[in-house]
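What the coordinates show
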Amino acid sequence: MIKAKYHPDTASGWLSGREILKRGYFNGELSPLNLLAHTCCHEFAHLLQHSAGQRFRGSVHNRHFYAILDELHDSGGAEATRQALAKRADEQNLTLPEMPFELPDPHQKRTHWQVGQAIYFGNASKEFHGEIVRVNRKTCTVDGTGKSRGTRYRVPMQMLRKTHGDD
Ligand SMILES: [Zn+2]
C-alpha cells in the first residue's frame, strides 16, 4: 500500500488520494507525505466514527465519516499529524517526499497522438482547429484547418484535444 502511494500512477487510485484531490485536503496536493498523513487521519476518523456509533454496514464512508474527517483537517489535527510524520521520518533518515506528484495526463503521452488526426486547441473564447502533421517529443506540429488554414503551429501536447472522440 505504501509503495503504491509513492507512485503517481497508483496514488490517485486510492480513496485517500481521491479525497485529497476532491476535498482539497492539504491544498489538494498529492505527495507521499500528504498521502500517508491523510491515511492516518482517514483511519483515525473511522475509529471516531465507530465509537460514535455512526459506522453502518454498507455505508462506511458516509456523511458522518466525512464530517469527522473534515473536522480533523479544519482543526489542524491533520496538519499536526503531517508535521509529526515528517519529523519522525527525518529523525530516522527516511525519505518522505513533500514534493507533489505530477499526475499522468494521457494528453501528454506521445502515443496518444498520430499524424493526420483532427485536433483543436485554445480556450472557450478562441478555438483553433487543425490536423497533426508531425508528432514531436513534447509538442505536435499542426496545420491549421478552417479559419486557421494556412498557419502552422507547434502545440504542447497537454493543450491538444481530439476533435472527435470522448476525451
Ligand atoms: Zn475508509
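Just above sits the structure.
Let us look at the structure shown here. All values derive from a computational prediction rather than experimental measurement. (Residues numbered from 1 in each chain as written. Predicted model: local features only at pLDDT ≥ 70, side-chain atom pairs only at ≥ 80, totals over all residues.)

What to know about the sheet that holds strand β1 (residues 118-122)
To be explicit about the condition: Criterion used throughout: strands pair if DSSP finds at least two bridges between them. The helix count covers DSSP runs of H or I at least four residues long, the strand count covers runs of E at least two residues long, and both are numbered beginning at the N terminus.
Taken together, the five strands give an open sheet; going across it, the order is β4-β3-β2-β1-β5, and neighbouring strands pair in antiparallel fashion. Each of the sheet's edge strands pairs with one partner strand only, and the pair in question is β4 (152-156) and β5 (161-162). In the sheet, β1 pairs with strand β2 (residues 127-135) via five bridges, with the strands oriented antiparallel. Directly across from G122, in β2, lies its bridge partner E127.

Examining helix α3 (residues 32-51)
Rule in force here: Residue count minus one, scaled by 1.5 Å, sets the expected span of a helix. Exposure classes come from backbone-placed C-beta atoms, where a residue is buried if 20 or more other C-beta atoms lie within 10 Å of its own, exposed if 12 or fewer do, and partly exposed in between.
Compared with the 28 Å implied by 1.5 Å per residue over 20 residues, the 29 Å span of α3 between its first and last C-alpha is a close match. Looking at α3, one finds that the buried residues are P32, L33, N34, L35, L36, A37, H38, T39, C41, H42, A45 and Q49. Remark: G53 follows α3 within two positions and exhibits a positive phi of approximately 70°.

What about the environment of G77?
On the secondary structure map, G77 appears in helix α5 (residues 77-91). By the C-beta count within 10 Å, which is 15 here, G77 ends up partly exposed. With 36 residues separating them in the primary sequence, G77 and C41 have C-alpha atoms 8.4 Å apart.

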